[in-house]
Amino acid sequence: MIVADRKSLEEILAMVADNKKILILGCKGCVTVCNVGGLKEVEILTSSLKIARKKLGKPLDIDIQVLERQCDNEYVAELSESVNDYDGVISMACGVGPQFLSEMYKTQVFYPAVNTTFFGGATQHGVWEERCAGCGTCGIHMFGGLCPIARCAKSLLHGPCGGSSEGICEVNADTECIWDSIVKKKMEAGQLEDLMGVKGLKDWTTARDGGPRRSIREELVQGKI
Amino acid sequence: MRLSYSADIKIIQVPCTGRVDILHLLNAIEDGADGVYVAGCLEGECHYIEGNFKARRKVDHVKKILLELKIEPERVEMYNLSSAQGARFAQIANEVAEKIRALGPTPVRTPTVQKPTAP
(Lines give C-alpha, C1' and ligand atoms only; values in the text may rest on other atoms or scores of the structure.)
Protein backbone atom coordinates (compact mmCIF):
# COMPACT_ATOMS: atom_id res chain seq x y z
CA MET A 1 0.00 0.00 0.00
CA ILE A 2 0.90 3.64 -0.21
CA VAL A 3 2.28 4.91 3.09
CA ALA A 4 2.03 8.52 4.21
CA ASP A 5 2.73 10.72 7.21
CA ARG A 6 0.55 13.57 8.34
CA LYS A 7 1.89 17.10 8.05
CA SER A 8 2.31 19.09 11.25
CA LEU A 9 -0.70 20.97 12.61
CA GLU A 10 1.25 24.18 12.10
CA GLU A 11 1.59 23.51 8.37
CA ILE A 12 -2.06 22.54 7.97
CA LEU A 13 -3.23 25.55 9.99
CA ALA A 14 -1.16 27.85 7.78
CA MET A 15 -2.82 26.40 4.66
CA VAL A 16 -6.32 27.21 5.88
CA ALA A 17 -5.43 30.36 7.83
CA ASP A 18 -7.82 32.53 5.81
CA ASN A 19 -10.62 29.98 5.52
CA LYS A 20 -13.77 30.08 7.62
CA LYS A 21 -15.47 26.92 6.45
CA ILE A 22 -13.65 23.85 5.23
CA LEU A 23 -14.17 20.21 4.43
CA ILE A 24 -11.75 17.57 5.70
CA LEU A 25 -11.84 14.65 3.35
CA GLY A 26 -10.53 11.24 4.36
CA CYS A 27 -9.97 8.16 2.23
CA LYS A 28 -10.85 4.57 3.09
CA GLY A 29 -7.93 3.20 1.06
CA CYS A 30 -4.24 2.96 1.94
CA VAL A 31 -4.22 5.97 4.27
CA THR A 32 -6.86 4.35 6.46
CA VAL A 33 -4.73 1.21 6.71
CA CYS A 34 -1.60 3.19 7.60
CA ASN A 35 -3.58 5.22 10.17
CA VAL A 36 -3.02 8.62 8.64
CA GLY A 37 -6.13 9.62 6.72
CA GLY A 38 -9.10 7.45 7.70
CA LEU A 39 -12.16 8.47 9.70
CA LYS A 40 -10.37 8.47 13.06
CA GLU A 41 -7.54 10.65 11.79
CA VAL A 42 -10.02 12.97 10.08
CA GLU A 43 -11.87 13.41 13.39
CA ILE A 44 -8.66 14.02 15.34
CA LEU A 45 -7.47 16.61 12.82
CA THR A 46 -10.89 18.26 12.89
CA SER A 47 -10.88 18.60 16.65
CA SER A 48 -7.25 19.76 16.70
CA LEU A 49 -7.88 22.47 14.09
CA LYS A 50 -11.02 23.61 15.88
CA ILE A 51 -9.12 23.93 19.15
CA ALA A 52 -6.35 25.88 17.45
CA ARG A 53 -8.72 28.28 15.74
CA LYS A 54 -10.87 28.80 18.84
CA LYS A 55 -7.67 29.67 20.65
CA LEU A 56 -7.00 32.34 18.05
CA GLY A 57 -10.55 33.65 18.36
CA LYS A 58 -11.19 32.71 14.70
CA PRO A 59 -13.44 29.62 14.91
CA LEU A 60 -13.29 27.30 11.94
CA ASP A 61 -16.41 25.58 10.66
CA ILE A 62 -15.43 22.07 9.60
CA ASP A 63 -17.43 19.35 7.88
CA ILE A 64 -15.98 15.89 7.43
CA GLN A 65 -16.41 13.14 4.88
CA VAL A 66 -14.51 9.96 4.07
CA LEU A 67 -14.58 8.69 0.50
CA GLU A 68 -14.27 5.04 -0.45
CA ARG A 69 -11.22 6.08 -2.45
CA GLN A 70 -9.99 9.45 -3.64
CA CYS A 71 -8.18 7.85 -6.58
CA ASP A 72 -11.35 6.88 -8.44
CA ASN A 73 -13.47 9.46 -10.21
CA GLU A 74 -16.69 7.63 -9.40
CA TYR A 75 -16.12 8.31 -5.69
CA VAL A 76 -14.65 11.79 -6.20
CA ALA A 77 -17.89 12.65 -8.06
CA GLU A 78 -19.81 12.17 -4.79
CA LEU A 79 -18.68 15.66 -3.82
CA SER A 80 -20.21 17.40 -6.84
CA GLU A 81 -23.15 18.86 -4.90
CA SER A 82 -21.24 20.09 -1.88
CA VAL A 83 -17.64 20.81 -2.87
CA ASN A 84 -18.19 24.49 -3.55
CA ASP A 85 -19.85 25.10 -0.18
CA TYR A 86 -16.38 25.41 1.33
CA ASP A 87 -13.56 27.95 1.30
CA GLY A 88 -11.14 25.05 0.95
CA VAL A 89 -10.88 21.29 1.20
CA ILE A 90 -8.20 19.42 3.14
CA SER A 91 -7.51 16.01 1.64
CA MET A 92 -6.04 13.38 3.91
CA ALA A 93 -5.45 10.95 1.03
CA CYS A 94 -2.09 10.28 -0.58
CA GLY A 95 -0.90 12.70 -3.26
CA VAL A 96 -3.23 11.08 -5.78
CA GLY A 97 -6.37 12.21 -3.97
CA PRO A 98 -5.96 15.99 -4.10
CA GLN A 99 -4.99 15.69 -7.78
CA PHE A 100 -8.09 13.74 -8.77
CA LEU A 101 -10.11 16.26 -6.80
CA SER A 102 -8.37 19.24 -8.41
CA GLU A 103 -8.88 17.77 -11.87
CA MET A 104 -12.61 17.26 -11.33
CA TYR A 105 -13.36 20.48 -9.43
CA LYS A 106 -11.44 23.21 -11.21
CA THR A 107 -12.29 26.17 -8.98
CA GLN A 108 -11.92 24.59 -5.53
CA VAL A 109 -8.64 24.53 -3.59
CA PHE A 110 -7.49 21.16 -2.23
CA TYR A 111 -4.82 21.15 0.46
CA PRO A 112 -2.75 18.01 1.05
CA ALA A 113 -2.70 17.16 4.77
CA VAL A 114 -0.27 14.27 4.39
CA ASN A 115 3.14 13.69 2.89
CA THR A 116 3.09 10.58 0.72
CA THR A 117 6.24 8.65 1.45
CA PHE A 118 6.51 5.20 -0.12
CA PHE A 119 5.02 1.85 -1.15
CA GLY A 120 5.39 -0.47 1.78
CA GLY A 121 3.79 -2.34 4.62
CA ALA A 122 3.65 -2.54 8.40
CA THR A 123 6.46 -4.58 9.95
CA GLN A 124 4.92 -4.09 13.39
CA HIS A 125 2.07 -2.05 14.82
CA GLY A 126 2.97 1.56 14.09
CA VAL A 127 6.03 0.87 11.94
CA TRP A 128 5.91 0.91 8.14
CA GLU A 129 8.79 0.13 5.83
CA GLU A 130 9.45 0.64 2.15
CA ARG A 131 9.31 -2.47 0.00
CA CYS A 132 8.71 -1.32 -3.57
CA ALA A 133 10.10 1.53 -5.65
CA GLY A 134 7.57 1.11 -8.46
CA CYS A 135 10.33 0.70 -11.06
CA GLY A 136 7.92 -0.91 -13.49
CA THR A 137 10.02 -4.01 -14.23
CA CYS A 138 9.82 -6.33 -11.25
CA GLY A 139 12.60 -8.87 -10.84
CA ILE A 140 12.53 -9.65 -7.13
CA HIS A 141 12.56 -13.41 -7.86
CA MET A 142 16.20 -12.96 -8.88
CA PHE A 143 17.08 -11.63 -5.42
CA GLY A 144 15.41 -14.10 -3.09
CA GLY A 145 12.22 -12.09 -3.10
CA LEU A 146 13.91 -9.04 -1.57
CA CYS A 147 14.01 -5.91 -3.71
CA PRO A 148 17.43 -4.28 -3.92
CA ILE A 149 16.04 -1.37 -5.90
CA ALA A 150 13.71 -0.25 -3.11
CA ARG A 151 15.73 -1.47 -0.17
CA CYS A 152 19.35 -0.80 -1.10
CA ALA A 153 20.30 2.86 -0.70
CA LYS A 154 22.14 2.66 -4.03
CA SER A 155 19.69 0.29 -5.74
CA LEU A 156 22.61 -2.01 -6.55
CA LEU A 157 21.79 -5.08 -8.61
CA HIS A 158 25.00 -7.13 -8.35
CA GLY A 159 25.79 -7.30 -4.64
CA PRO A 160 26.56 -5.11 -1.66
CA CYS A 161 28.80 -2.07 -1.75
CA GLY A 162 31.69 -1.42 0.61
CA GLY A 163 29.40 0.40 3.00
CA SER A 164 27.79 -2.81 4.21
CA SER A 165 28.95 -3.63 7.72
CA GLU A 166 27.63 -6.50 9.82
CA GLY A 167 24.38 -6.45 7.95
CA ILE A 168 23.85 -2.72 8.38
CA CYS A 169 23.78 -0.07 5.65
CA GLU A 170 26.25 2.80 5.98
CA VAL A 171 23.55 5.29 5.08
CA ASN A 172 21.50 4.68 8.21
CA ALA A 173 22.25 2.62 11.30
CA ASP A 174 18.59 1.56 11.43
CA THR A 175 18.63 0.20 7.89
CA GLU A 176 19.57 -3.38 7.14
CA CYS A 177 21.86 -3.98 4.19
CA ILE A 178 19.38 -5.74 1.94
CA TRP A 179 22.23 -7.32 -0.02
CA ASP A 180 23.48 -8.90 3.17
CA SER A 181 20.00 -10.37 3.68
CA ILE A 182 19.73 -11.48 0.04
CA VAL A 183 23.08 -13.29 0.16
CA LYS A 184 22.31 -14.90 3.53
CA LYS A 185 18.92 -16.07 2.32
CA LYS A 186 20.35 -17.53 -0.87
CA MET A 187 23.16 -19.25 1.07
CA GLU A 188 20.69 -20.78 3.50
CA ALA A 189 18.63 -22.05 0.57
CA GLY A 190 21.75 -23.38 -1.13
CA GLN A 191 21.03 -21.17 -4.11
CA LEU A 192 23.94 -18.76 -3.98
CA GLU A 193 24.83 -19.68 -7.57
CA ASP A 194 21.71 -17.79 -8.68
CA LEU A 195 23.44 -14.53 -7.79
CA MET A 196 26.62 -15.29 -9.74
CA GLY A 197 25.34 -14.56 -13.22
CA VAL A 198 25.84 -11.16 -14.82
CA LYS A 199 22.50 -9.50 -15.31
CA GLY A 200 21.81 -7.37 -18.31
CA LEU A 201 21.29 -3.65 -18.06
CA LYS A 202 18.07 -2.78 -16.31
CA ASP A 203 15.55 -0.95 -18.42
CA TRP A 204 14.82 2.17 -16.40
CA THR A 205 12.44 3.61 -18.98
CA THR A 206 9.62 1.89 -17.14
CA ALA A 207 10.60 3.73 -13.96
CA ARG A 208 10.12 7.43 -13.28
CA ASP A 209 13.09 8.17 -15.53
CA GLY A 210 10.78 7.61 -18.47
CA GLY A 211 8.48 10.40 -17.30
CA PRO A 212 4.93 10.07 -15.94
CA ARG A 213 3.60 6.58 -16.53
CA ARG A 214 0.30 5.26 -17.75
CA SER A 215 -1.08 1.75 -17.58
CA ILE A 216 -3.60 0.84 -20.26
CA ARG A 217 -5.67 -2.35 -20.15
CA GLU A 218 -7.26 -2.46 -23.59
CA GLU A 219 -9.86 -5.07 -22.68
CA LEU A 220 -11.14 -2.85 -19.89
CA VAL A 221 -10.98 0.31 -21.97
CA GLN A 222 -13.10 -1.38 -24.62
CA GLY A 223 -15.49 -2.60 -21.92
CA LYS A 224 -15.17 -6.21 -23.06
CA ILE A 225 -14.70 -7.61 -19.57
CA MET B 1 -16.91 8.16 53.67
CA ARG B 2 -18.68 11.43 52.78
CA LEU B 3 -15.47 12.93 51.47
CA SER B 4 -15.71 16.30 49.85
CA TYR B 5 -13.74 17.30 46.78
CA SER B 6 -13.63 20.21 44.40
CA ALA B 7 -17.03 21.02 42.89
CA ASP B 8 -15.25 21.93 39.63
CA ILE B 9 -14.88 18.27 38.69
CA LYS B 10 -17.47 16.71 36.40
CA ILE B 11 -17.35 12.93 36.37
CA ILE B 12 -18.01 10.94 33.19
CA GLN B 13 -18.21 7.22 33.85
CA VAL B 14 -16.87 4.62 31.45
CA PRO B 15 -16.82 0.85 31.91
CA CYS B 16 -13.02 0.81 31.63
CA THR B 17 -10.51 3.57 30.86
CA GLY B 18 -9.63 1.51 27.79
CA ARG B 19 -12.90 2.91 26.41
CA VAL B 20 -11.59 6.46 26.65
CA ASP B 21 -10.69 7.71 23.21
CA ILE B 22 -8.35 10.42 21.99
CA LEU B 23 -11.44 12.15 20.63
CA HIS B 24 -13.20 12.16 24.03
CA LEU B 25 -10.26 14.06 25.49
CA LEU B 26 -9.83 16.38 22.50
CA ASN B 27 -13.55 17.13 22.26
CA ALA B 28 -13.61 18.08 25.94
CA ILE B 29 -10.81 20.59 25.36
CA GLU B 30 -12.47 21.75 22.14
CA ASP B 31 -15.72 22.37 24.00
CA GLY B 32 -13.96 24.51 26.57
CA ALA B 33 -12.95 22.23 29.43
CA ASP B 34 -10.03 23.77 31.34
CA GLY B 35 -8.59 20.33 31.89
CA VAL B 36 -9.41 16.63 31.61
CA TYR B 37 -8.06 13.75 33.60
CA VAL B 38 -8.55 10.04 33.34
CA ALA B 39 -8.81 8.02 36.55
CA GLY B 40 -7.97 4.44 35.72
CA CYS B 41 -7.37 1.34 37.79
CA LEU B 42 -3.99 0.66 39.31
CA GLU B 43 -1.42 -0.52 36.81
CA GLY B 44 -1.48 -4.28 36.49
CA GLU B 45 -4.99 -4.49 37.93
CA CYS B 46 -7.09 -3.80 34.87
CA HIS B 47 -9.98 -6.26 34.59
CA TYR B 48 -9.50 -6.07 30.84
CA ILE B 49 -5.75 -6.61 31.18
CA GLU B 50 -4.42 -3.39 29.63
CA GLY B 51 -7.26 -0.86 29.38
CA ASN B 52 -5.52 1.57 31.72
CA PHE B 53 -2.24 1.29 29.79
CA LYS B 54 -4.07 2.04 26.56
CA ALA B 55 -5.70 5.05 28.22
CA ARG B 56 -2.31 6.33 29.33
CA ARG B 57 -0.96 6.08 25.79
CA LYS B 58 -3.97 8.01 24.53
CA VAL B 59 -3.49 10.68 27.19
CA ASP B 60 0.16 10.95 26.16
CA HIS B 61 -0.88 11.33 22.52
CA VAL B 62 -3.32 14.11 23.38
CA LYS B 63 -0.58 15.83 25.37
CA LYS B 64 1.55 15.84 22.20
CA ILE B 65 -1.30 17.36 20.20
CA LEU B 66 -1.80 20.07 22.83
CA LEU B 67 1.91 20.80 22.82
CA GLU B 68 1.73 21.23 19.05
CA LEU B 69 -1.19 23.61 19.55
CA LYS B 70 0.84 25.53 22.16
CA ILE B 71 -1.62 24.64 24.92
CA GLU B 72 -0.27 23.42 28.28
CA PRO B 73 -0.14 19.59 28.05
CA GLU B 74 -0.68 19.45 31.82
CA ARG B 75 -4.34 20.16 31.12
CA VAL B 76 -4.67 16.46 30.33
CA GLU B 77 -3.50 13.87 32.85
CA MET B 78 -3.81 10.23 33.76
CA TYR B 79 -4.07 8.91 37.31
CA ASN B 80 -4.19 5.35 38.59
CA LEU B 81 -6.10 4.40 41.72
CA SER B 82 -8.32 1.60 42.84
CA SER B 83 -12.06 1.90 43.40
CA ALA B 84 -11.40 1.30 47.10
CA GLN B 85 -9.26 4.44 47.38
CA GLY B 86 -11.98 7.02 48.04
CA ALA B 87 -9.67 9.32 49.94
CA ARG B 88 -7.12 9.19 47.12
CA PHE B 89 -9.88 9.99 44.60
CA ALA B 90 -10.83 13.11 46.53
CA GLN B 91 -7.17 14.05 46.91
CA ILE B 92 -6.56 13.74 43.16
CA ALA B 93 -9.69 15.73 42.35
CA ASN B 94 -8.49 18.57 44.57
CA GLU B 95 -4.96 18.30 43.21
CA VAL B 96 -6.17 18.54 39.60
CA ALA B 97 -8.54 21.42 40.37
CA GLU B 98 -5.69 23.27 42.06
CA LYS B 99 -3.28 22.64 39.20
CA ILE B 100 -5.76 23.72 36.55
CA ARG B 101 -6.66 26.80 38.54
CA ALA B 102 -2.98 27.72 38.61
CA LEU B 103 -2.80 27.29 34.82
CA GLY B 104 -5.80 29.60 34.38
CA PRO B 105 -8.77 29.32 32.05
CA THR B 106 -8.37 27.39 28.82
CA PRO B 107 -7.15 29.53 25.90
CA VAL B 108 -9.95 27.92 23.88
CA ARG B 109 -12.52 30.03 25.74
CA THR B 110 -10.24 33.01 26.20
CA PRO B 111 -8.72 33.49 22.76
CA THR B 112 -5.36 35.13 22.30
CA VAL B 113 -6.03 38.54 20.82
CA GLN B 114 -4.03 38.88 17.64
CA LYS B 115 -2.19 42.14 17.27
CA PRO B 116 -3.19 43.99 14.12
CA THR B 117 -0.43 43.90 11.53
CA ALA B 118 1.30 47.16 10.76
CA PRO B 119 0.09 48.80 7.55
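Scroll up to find the structure.
Basis of the calculations
Residues numbered from 1 in each chain as written. Chains lettered and ligands numbered in written order. Predicted model: local features only at pLDDT ≥ 70, side-chain atom pairs only at ≥ 80, totals over all residues. Heavy atoms only, no water. Axes fitted to C-alpha atoms, helices over the stretch in contact; angles between N-to-C directions. Helix = DSSP H or I, 4+ residues; strand = E, 2+ residues; numbered from the N terminus. Parallel < 35°, antiparallel > 145°, perpendicular 65-115°, else oblique. Left-handed = near helix turned anticlockwise from the far one by under 90°. Contact = heavy atoms within 4.5 Å. Nonpolar A, V, L, I, M, F, W, Y, C, P; charged D, E, K, R; others polar. Buried < 20%, exposed > 50% of the residue type's maximum accessible area, 1.4 Å probe, protein only. Pairing = 2+ DSSP bridges. Right-handed = clockwise from strand over helix to strand, strands pointing away. Expected span 1.5 Å × (residues − 1). Salt bridge = Lys/Arg side-chain N within 4 Å of Asp/Glu carboxyl O. Arc of directions from axis to C-beta.

Participant: I keep staring at the packing of helix H1 (residues 22-30) of chain B against helix H2 (residues 51-68) of chain B and nothing clicks. Help me out?
Facilitator: Think of two packed helices as two axes; the pair is described by the angle between the axes and how far apart they sit. All names here are of chain B. At a closest axis distance of 9 Å, the pairing of H1 and H2 adopts a crossing angle of 40°. Taken together, H1 and H2 sit at an angle that is classed as oblique. In the crossing of H1 with H2, the sense of the turn from one axis to the other is right-handed. Residue-level inspection shows Ile22, Leu25, Leu26 and Ile29 of H1 in contact with H2, the latter providing Lys58, Val59, His61, Val62, Ile65 and Leu66. A breakdown of the residues in the contact of H1 with H2 according to their chemical character gives eight nonpolar, one polar and one charged.

Participant: Explain the pairing of strand S4 (residues 88-91) of chain A here, please?
Facilitator: Look at any regular strand and the pattern is simple: side chains alternate between the two faces of the sheet. Residues and elements named next belong to chain A. Taking every second residue as pointing to the same face, both faces of S4 are buried, with Gly88 and Ile90 on one and Val89 and Ser91 on the other. Where strand S2 (residues 21-27) lies against S4, four bridges are found, and the strand directions are parallel. By the bridge assignment for S4, Leu23 is matched with Val89. Two elements, S4 and strand S5 (residues 110-112), share three bridges in a ladder whose sense is parallel. Bridge assignment links Ile90 to a residue of S5, and that residue is Tyr111. Taken together, S4, helix H5 (residues 96-104) and S5 constitute a β-α-β crossover, and its handedness is right-handed.

Participant: What is the right way to read the environment of A:Cys138 from this model?
Facilitator: Residue and element names in this part refer to chain A. Checked against the element boundaries, Cys138 lands in the loop between strand S7 (127-132) and helix H6 (148-151). The exposed category is assigned to Cys138, whose relative accessible area is 62%. With 122 residues separating them along the chain, Cys138 and Val16 place their C-alpha atoms 41 Å apart.

Participant: Would you mind showing me how to read helix H3 (residues 39-55) of chain A here?
Facilitator: All names here are of chain A. With 17 residues, H3 extends 24 Å from end C-alpha to end C-alpha; this agrees with the ideal 24 Å at 1.5 Å per step. Most of H3 sits inside the fold, with twelve of its 17 residues counted as buried. Those residues of H3 that sit buried are Glu41, Val42, Ile44, Leu45, Thr46, Ser47, Ser48, Leu49, Ile51, Ala52, Arg53 and Lys55. Once H3 ends, the next one or two residues include Gly57, with phi positive near 75°.

Participant: Just to check I follow, could you spell out the packing of H3(A) against H1(B) for this structure?
Facilitator: Packing of H3(A) against H1(B) leaves a shortest axis separation of 9 Å and a crossing angle of 20°. Considering the angle they form, H3(A) stands roughly parallel to H1(B). As H3(A) runs across H1(B), the sense of the crossing is left-handed. Touching A:Lys40, A:Glu43, A:Ile44, A:Ser47, A:Ser48, A:Lys50, A:Ile51 and A:Lys54 of H3(A) are B:Ile22, B:Leu23, B:Leu26, B:Asn27, B:Ile29 and B:Glu30, all from H1(B). Split by residue class, the contact of H3(A) with H1(B) holds six nonpolar, three polar and five charged.

Participant: Would you take a moment to explain the pattern of salt bridges for this structure?
Facilitator: Where side chains of opposite charge bring their charged atoms close, a pairing between them can arise. Residues and elements named next belong to chain A. Applying the stated criterion to the full structure yields 19 salt bridges over all chains. Two residues, Glu68 and Lys28, come together in a salt bridge whose shortest N-O distance is 3.7 Å. Of this pair, Glu68 sits in the loop between strand S3 (61-67) and helix H4 (73-76) while Lys28 sits in the loop between S2 and helix H2 (30-33), and the two are 40 residues apart along the sequence. Between Asp194 and Lys186 there is a salt bridge whose closest N-O contact spans 2.9 Å. Since its relative accessible area comes to 45%, Asp194 is described here as partly exposed.

Participant: Which parts of the structure should I look at to understand the sheet that holds S4(A)?
Facilitator: All names here are of chain A. The four strands lie next to each other as S3-S2-S4-S5, forming an open sheet whose pairing is parallel. Only two strands of the sheet have a single partner each, and these edge strands are S3 and S5. Taken over all neighbouring pairs, the strand axes of this sheet differ in orientation by 25° on average, direction set aside. Running at roughly 170° to S3, H3 makes contact with S2, S3 and S4 of the sheet. Taken strand by strand, H5 contacts S2, S4 and S5, and its axis lies near 170° from that of S5.

Participant: When you look at the sheet that holds strand S6 (residues 114-124) of chain A in this model, what are you seeing that I'm missing?
Facilitator: The strands making up a sheet associate through backbone hydrogen bonding, with each pair oriented either parallel or antiparallel. All names here are of chain A. Strand order in the open sheet formed by three strands is S1-S6-S7, and the pairing between neighbours is antiparallel. Only two strands of the sheet have a single neighbouring strand rather than two, namely strand S1 (2-6) and S7. Between one strand axis and the next, the sheet turns by 70° as a mean value, whatever way the strands run. Relative to S7, S6 runs antiparallel, the two sharing five bridges. Following the sheet pairing, Phe119 is matched in S7 by Cys132.

Participant: Mind showing me how you'd approach H2(B) here?
Facilitator: Because an α-helix packs 3.6 residues into every turn, residues spaced three or four apart end up facing the same way. Taking 1.5 Å per residue, 18 residues should reach 26 Å; H2(B) reaches 26 Å between its end C-alpha atoms and fits that length. When H2(B) is considered as a whole, its buried residues turn out to be B:Gly51, B:Asn52, B:Ala55, B:Val59, B:Val62, B:Lys63, B:Ile65 and B:Leu66. Seen end-on, H2(B) carries its buried residues on one side only, within an arc spanning 160°. In H2(B), the exposed positions angled more than 90 degrees off the buried face are occupied by B:Arg57, B:Lys64 and B:Leu67. Contacts made by the buried residues of H2(B) are with helix H1 (9-15) and H3 of chain A together with H1, strand S1 (36-40) and strand S2 (76-80) of chain B. Positive phi appears at B:Lys70, one or two residues downstream of H2(B), with a value of about 60°.

In short, geometric facts, not functional conclusions.
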